[in-house]
Amino acid sequence: MSRNILIIGAGIAGLALARAFERRGIAFDIIDRAPSPLTGGAGMFLPGNAMVALRGLGLDERVADIAWHNRRQTILDVGGGTLHDMDVDGFWEGAGPCLSLTRASLTGILRSGVEAQVRYGTWTDAIAIEDHKARVTFSDGAEAVYDLVIGADGFTSATRTQLFGYEPPEIYPRTCWRTLVPNRIGLRHWTVMLGQRRALLGVPVEDGLLYLYGDADNVLLPAHPATHRQDLQDLFGGFAAPLAPVVAALGPDDRIDKGYLGEVAARDWSNEAAVLVGDAAHACSPSMAQGASMAFEDALVLADCLAGAQDLRAALAEFNRQRLERVRWVQKQCRARDSTRSLPRPLRIAILRLLGDRLYRRSYAPLLLPFQNGGTDRVDQRA
Ligand SMILES: Cc1cc2nc3c(=O)[nH]c(=O)nc-3n(C[C@H](O)[C@H](O)[C@H](O)COP(=O)(O)OP(=O)(O)OC[C@H]3O[C@@H](n4cnc5c(N)ncnc54)[C@H](O)[C@@H]3O)c2cc1C
């Protein structure tokens, strides 16, 4: 059944959805508020389940061709002692490798996998649901009527507000910094160093680069923040190798992005002519690195639910049935992992040394289960 569909947002979720729609012959329009495609950003870590979804999108090989393959994940104490070292290759065997690449590369691959033209520099001023249709007023004053509007416009989603009223997402009292630097320390895999209410992460990505991420609870921030570089050096200067020297070597020309983190409580974000996907529907802490995976899975499941469905409301209900439990699990696990930040150091060390393996398996094991109720056989195998 042919429908008029609008995708709002051409980030990870919107582009994955566009790809999934094109592979199923579903027509759509797609807009993005940004004036042009994203070229900046730092790194992305993709655990093994991301590869299952990327395979569903027919993009796994393109990502694997350029990304760094992380065989292990290691958690270190501030002094550099190992708290937990996980054989992630073994854990995700059968799903796929844990890969890491720059955000620009990931979105570039997603964009190159879509034939439709994204209308950049365009957003919606209003969306009115009338008679089972969505009447959209665009930022240039044009109007159009759609059978379905899909909000893929991220954490601060204006679509969410326009459709469901203003419910501010939870902002965590935490600040993060991200940058890409040359991997001069020769780091081989995802490595995090945990301090009290702060964490420093290094992940090798393509082209000899290292993705460096630091975060700290806001109570640790100076009353008068200096440069991002200075803040990072103040917060992590007391850490040991391997990551502290990377922070110490940051120079004035290194581009460091500062941001905040937060959560959108997952629920049924749909009505008779609209639905939300990706961060707009269920953003959460990056502590499980599941944001991209959940966005890819949303895209594949929604495309399957819509393909051939006569009843749109039933299709959206089925989408929620297949997605809600999984994204809620991820949100719950992220909160549990984040809560260890404020534990006294001896307790954190004991927990990670004794239970690190078990906690990792417990968090991620449900994500080894299939996320789709069939449907992949309906995909035509376009390259
Ligand atoms: C610090 C940090 C580190 C992270 N690390 C990882 C990681 O390693 N691995 C991982 O899987 N996930 C990670 N995530 C999560 C991941 O970035 C998100 O889950 C993912 O980007 C969500 O994709 P999205 O398309 O839903 O939203 P976004 O990526 O935010 O894209 C939204 C798009 O919508 C557009 N837009 C916004 N508003 C409008 C509007 N009003 N109209 C039209 N367009 C609009 C934007 O321009 C953008 O293109 C991290 C998140 C953070 C904050």
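This is a predicted model, so every value here is computed, not measured.

Asks: Can you explain the overall build of the protein chain? Please cite residues and give values.
Replies: When you go through the protein chain residue by residue, the secondary structure sums to 12 helices and 19 strands. Taking 383 residues into account, the globule formula puts the C-alpha radius of gyration at 21 Å, and the protein chain, at 21 Å, falls close to it. Across its three principal directions, the C-alpha atoms of the protein chain cover 60 × 45 × 35 Å. Among the 383 residues that make up the protein chain, the fraction classed as buried is 53%. Contacts in the protein chain between residues far apart in sequence, at least 24 positions, make up 74% of those at least 6 positions apart. Here the protein chain displays about 16,400 Å² of accessible surface, and carbon together with sulfur accounts for 53% of that area. Once the 42 positive and 44 negative side-chain charges of the protein chain are each reduced to a mean point, those two points are 6 Å apart.

Asks: Explain the nonpolar core to me, and be specific about the residues and the numbers.
Replies: If you look at the biggest cluster of nonpolar residues, it comprises 52 residues, and the most contacted ones within it are F21, I150 and F296. Among the elements that make up this core, the one with the highest residue count is helix α10 (residues 291-306) (10 residues). F296 has contacts with I12, A16, A50, A53, L54, L57, L106 and L110, leaving out every residue within four places of it along the chain. The next biggest cluster of nonpolar side chains, apart from the first, holds 35 residues, and it includes F45, I75, C98 and M294.

Asks: Give a description of the sheet that holds strand β16 (residues 209-217) that names residues and reports values.
Replies: Sheet strands pair by backbone hydrogen bonding; their relative direction is either parallel or antiparallel. One open sheet accounts for 7 strands, arranged β6-β5-β14-β15-β16-β13-β17; its pairing is mixed. This sheet does not close on itself; its edge strands, each paired only once, are β6 (82-87) and β17 (257-263). For this sheet, the mean inter-axis angle between neighbouring strands, taken without regard to orientation, is 20 degrees. The sheet contact formed by strand β5 (residues 72-77) and strand β14 (residues 191-195) spans 4 bridges and is parallel. Residue D77 lies in a different strand from β14, and its bridge partner there is L194.

Asks: Explain the sheet that holds strand β10 (residues 133-138) to me, and be specific about the residues and the numbers.
Replies: On the basis of which strands lie adjacent, the open sheet formed by 3 strands has the order β9-β10-β11 and antiparallel pairing. At either end of the open sheet lies a strand with only one pairing partner, and these are β9 (124-130) and β11 (143-146). The mean inter-strand angle of the sheet, taken between neighbouring strand axes irrespective of direction, is 20 degrees. Pairing between β10 and β11: 4 bridges, direction antiparallel. Within β11, the residue paired with R135 across the bridge is V145.

Asks: So what's going on with the environment of G251? Which residues, and what values?
Replies: Examined against the element boundaries, G251 turns out to sit in the loop between α8 (244-248) and β17. G251 sits in the buried class, given a relative accessible area of 16%. Expressed as a C-alpha distance, the spacing of G251 and F28, which sit 223 residues apart in the sequence, is 45 Å.

Asks: Can you break down the site of the ligand residue by residue, with the values?
Replies: Near the ligand there are 30 residues, and of these A13, D32, R103, D279 and A292 occur at the shortest range. I12 places a main-chain nitrogen or oxygen 3.0 Å from an oxygen atom of the ligand. When the ligand is considered free in solution it has 1,000 Å² of accessible area, and contact with the protein chains removes 85% of it. Within the residue set of the shell around the ligand, elements represented by two or more residues are α1 (12-24), β3 (43-46), β13 (170-182), β16 and α10.

Asks: Can you lay out a nonpolar patch on the surface for me, pointing to particular residues and giving the numbers?
Replies: A grouping of L354, L355 and L359 is seen on the molecular surface, where their side chains present a nonpolar patch of about 280 Å² in accessible area. Residue position: L354 is located in helix α12 (residues 345-364). Residue L354 is classed as exposed on the basis of its relative accessible area of 73%.

Asks: Tell me about the pairing of β6, residues and numbers included.
Replies: The side chains of a regular strand alternate, residue by residue, between the two faces of the sheet. Summarising the sheet, β5 and β6 pair through 5 bridges and their orientation is antiparallel. Bridging from a neighbouring strand, Q73 pairs with M86 of β6. In this antiparallel pair of consecutive strands, β5 and β6, the connection spans 4 residues, and G80 shows a positive phi of 95 degrees.

Asks: Can you tell me about the side chain of D217, naming the residues and giving the values?
Replies: Topologically, D217 is positioned in strand β16. A relative accessible area of 11% places D217 in the buried class. Setting aside residues up to four positions removed in sequence, D217 forms contacts with P173, R174, R197 and R341.

Asks: Please provide a residue-by-residue account of the packing of α1 against helix α5 (residues 103-112), values included.
Replies: Direction vectors running N to C along α1 and α5 enclose 25 degrees, while the axes themselves pass 9 Å from each other. Viewed along their axes, α1 and α5 adopt a mutual orientation that is roughly parallel. Taken as a pair, α1 and α5 cross one another with a handedness that is left-handed. Judged by residue contacts, I12, L15 and A16 of α1 engage R103, L106, T107, L110 and R111 from α5. Residue classes in the contact of α1 with α5 are distributed as 5 nonpolar, 1 polar and 2 charged.

Asks: Give me the pattern of salt bridges: which residues, what numbers.
Replies: All told, the structure shown has 21 salt bridges when counted by the stated rule. R24 is paired through a salt bridge with D304; the nearest N and O atoms lie 2.8 Å apart. One end of the pair, R24, is in helix α1; the other, D304, is in helix α10, with 280 residues separating them in the sequence. For the residue pair R24 and D304, the accessibility class agrees, reading buried in each case. Close ionic contact of D215 with R341 constitutes a salt bridge, the shortest N to O distance being 2.8 Å. Taken together, the residues D215 in strand β16 and R341 in the loop between α11 (312-339) and α12 connect sequence positions 126 residues apart. One salt-bridge network, held together by shared partners, links R174, R197, D215, D217, D338 and R341.

Quick notes on the rules
- Residues numbered from 1 in each chain as written.
- Predicted model: local features only at pLDDT ≥ 70, side-chain atom pairs only at ≥ 80, totals over all residues.
- Heavy atoms only, no water.
- Helix = DSSP H or I, 4+ residues; strand = E, 2+ residues; numbered from the N terminus.
- Rg over C-alpha atoms; globule rule 2.2 N^0.38 Å.
- Buried < 20%, exposed > 50% of the residue type's maximum accessible area, 1.4 Å probe, protein only.
- Contact = heavy atoms within 4.5 Å.
- Areas by Shrake-Rupley, 256 points an atom, 1.4 Å probe, with all protein chains shown as cover.
- Lys, Arg positive; Asp, Glu negative; His and termini not counted.
- Charge placed at Lys NZ, Arg CZ, Asp CG, Glu CD.
- Core = buried A, V, L, I, M, F, W, Y, C linked by side-chain atoms within 4.5 Å.
- Pairing = 2+ DSSP bridges.
- Axes fitted to C-alpha atoms, helices over the stretch in contact; angles between N-to-C directions.
- Near = heavy atom within 4 Å.
- Polar contact = N/O pair within 3.5 Å; in protein donor to acceptor, adjacent residues only side chain to side chain.
- Patch = residues over 30% accessible without salt bridge, like charges linked within 9 Å, V, L, I, M, F, W, Y side chains within 5 Å.
- Salt bridge = Lys/Arg side-chain N within 4 Å of Asp/Glu carboxyl O.
- Parallel < 35°, antiparallel > 145°, perpendicular 65-115°, else oblique.
- Left-handed = near helix turned anticlockwise from the far one by under 90°.
- Nonpolar A, V, L, I, M, F, W, Y, C, P; charged D, E, K, R; others polar.

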